[in-house]
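Architecture and fold: a report
Listed below, chain by chain, are the residues.
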Amino acid sequence: MLNQIKGLHHVTSLASSASKNNAFFTDTLGLRRVKQTVNFDAPDVYHLYYGDETGSPGSVMTYFPFPMAGRGRPGVGEVGRTAFSVPKDSLDAWTDRLAMLDVDGLGRDTRFGEDRVLFDGPDGDAFALVGTEGDARAPWTGGGISDGMAIRGFQGADMRLRDEGASAELLRFMGYEEVDRQDNVTRFAVPAGNEANVIDIETLPGAAHAAQGAGSVHHIAFAVENRARQLEVREALMDTGYQVTPVIDRDYFWAIYFRTPGGVLFEVATNEPGFATDEDTAHLGQALQLPSQHAHLREKLERVLEPLE
Ligand code: ZN
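Now for a look at the structure at hand.

An order of 6-7-8-5-9-12-11-10 is seen for the 8 strands of this open sheet, with the pairing classed as mixed. Each edge of the open sheet is held by one strand with a lone partner, namely strand 6 (107-111) and strand 10 (177-182). The average undirected angle you get between the axes of adjacent strands in this sheet is 25 degrees. Here strand 11 (residues 185-189) pairs with strand 12 (residues 198-203) via 5 bridges, running antiparallel. Paired with valine 185 across the strands is glutamate 202, a residue of strand 12. Of the strands in this sheet, strand 9 (153-161), strand 10, strand 11 and strand 12 touch helix 3 (residues 165-173), which is tilted by about 170 degrees from strand 12.

This is the structure we're talking about:
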């Protein structure tokens, strides 16, 4: 069993309008845009990152906005809902705020004793704000949301699967422990993680497979401290029979990817070097940053990419 994985690193989803996506995460949810770059594998598409002040691992929601993308169809074989941690006594204020801003899909529920506000992003992306106690992560308050209310980072994510067997086994191998079970949901958590520690598996035996589109999660990334720990994880996964990509340099972290038995794309990403490599912390996310391999495309990209504000 591995002990290098310390919770989520980031969650990456698909969007349609870049400007609506940007407005939702920075204005409505009050996160900080910590990087404005392009998809390194398809540079005519943005890659937008939102998180806390520095984009700490476990706080970073990222998007590939494709302006013409149709909506995804929810189903099994994907991450269904992404959950953020907020102070327990802020849920009523969040409900009022999201209602005032006409956010879709607004609701409340309780899962494993934690109260949640449920809502949709601009492309129908499913989110929850989970009321938590004692989450000591410092929130970004530059987006105009008070310290008593602001998002601390992820609490976790839930995977919708036809059956949980092989994916539960994989999570245990990755160092997660089963902590609770309620109806068709099994909760796993990684001990001594970065607070983005929870993965819920929701089992839906008869459900259709998801079709990816705007609002769908593309992949979730798990955090490891550094490249040495990442290589240990890679080797262990390959020894277990997983097909894992080589280590890929994403400028702000190094990444490896593999597909889980349930169909969800997993990434393992390093906490090093972080987002302050090509611009300083005070100015994160303000200017379009291009990786060296795409720097020659700047003039064209600045013409074709949708302005954000
Ligand atoms: Zn990623």
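Looking at the element boundaries, arginine 81 is found in strand 5 (residues 78-87). It is aspartate 120 that comes nearest to the buried, bridge-free arginine 81 among opposite-charge side chains, at 5.0 Å. One polar contact links the side chain of arginine 81 to the main-chain carbonyl oxygen of phenylalanine 127, over a distance of 2.7 Å.

All of the protein donors around the zinc ion are His10 (NE2), His219 (NE2) and Glu267 (OE); their distances to the metal are 1.9 to 2.0 Å. Each donor residue of the zinc ion belongs to the same chain, and together they define the spacing H-x208-H-x47-E. Of the two residues, histidine 10 sits in strand 1 (residues 8-15) while glutamate 267 sits in strand 16 (residues 265-273), which places them 257 residues apart along the sequence. With a relative accessible area of 0%, glutamate 267 lands in the buried category.

On to helix 1 (residues 18-28), then. Among the residues making up helix 1, those that are buried are Ala18, Asn21, Asn22, Phe24, Phe25, Thr26 and Thr28. Positive backbone phi, at 75 degrees, marks glycine 30, one or two positions downstream of helix 1.

Moving on, we come to the pairing of strand 7 (residues 114-120). Inspection of the sheet shows strand 6 paired to strand 7 by 5 bridges, in the antiparallel sense. Following the sheet pairing, arginine 108 is matched in strand 7 by valine 117. A loop of 2 residues connects strand 6 with strand 7, the two strands running antiparallel in sequence, and phenylalanine 112 in this loop sits at a positive phi of about 50 degrees. With 5 bridges joining them, strand 7 and strand 8 (residues 126-132) adopt antiparallel strand pairing. Paired with arginine 116 across the strands is valine 130, a residue of strand 8. Hairpin geometry of strand 7 and strand 8 is characterised by an intervening segment of 5 residues between the two adjacent antiparallel strands and by a positive phi of about 85 degrees at glycine 124.

Sheet architecture is open: 8 strands sit in the order 2-3-4-1-13-16-15-14, paired in mixed fashion. In this open sheet, the two edge strands, each paired with only one partner strand, are strand 2 (32-39) and strand 14 (248-249). Of the strand pairs in this sheet, strand 2 and strand 3 (residues 42-51) are connected by 7 bridges, and their pairing is antiparallel. Bridging across to strand 3, glutamine 36 finds its partner in leucine 48. Helix 1 contacts strand 1, strand 2, strand 3 and strand 4 (60-65) of the sheet and is inclined by roughly 10 degrees relative to strand 3.

Rules used in this analysis
- Sequence order as written defines residue numbering, which begins from 1 separately in each chain.
- At least 70 in pLDDT is required for a residue's local features to be given in this predicted model, at least 80 for side-chain atom pairs to be given and counted, and no such filter applies to totals for whole chains, interfaces and linings, which use all residues.
- Water and hydrogen atoms were dropped before computing side-chain values, which therefore reflect all heavy atoms in the structure.
- A strand pair is defined by DSSP finding two or more bridges across the two strands.
- Think of it this way: any DSSP run of H or I at least four residues long counts as a helix, any run of E at least two long counts as a strand, and we number them from the N terminus.
- Fitting a line to C-alpha atoms yields each axis, with helices limited to the stretch in contact; the angle taken between N-to-C directions then spans 0 to 180 degrees.
- We call two residues contacting when some pair of their heavy atoms lies within 4.5 Å.
- Remark: exposure states derive from per-residue accessible area (1.4 Å probe, protein chains only) relative to the maximum for the residue type, with buried under 20%, exposed over 50%, and partly exposed in between.
- When charges are counted, neither His nor the chain ends are considered; positive counts come from Lys and Arg and negative counts from Asp and Glu.
- What counts as a salt bridge is simple: a side-chain nitrogen of Lys or Arg found within 4 Å of a carboxyl oxygen of Asp or Glu.
- Contacts described as polar in this section are N or O atom pairs within 3.5 Å, which, within protein, must combine one atom able to donate a hydrogen with one able to accept it, while residues neighboring in sequence count only if both atoms come from side chains.
- Distances decide who is a donor: an N, O or S atom must be within 2.8 Å of the metal, or within 3.2 Å for Na, K and Ca. Water is not included, so sites may look incomplete.

Don't take any of this as a statement about function, it's just geometry.
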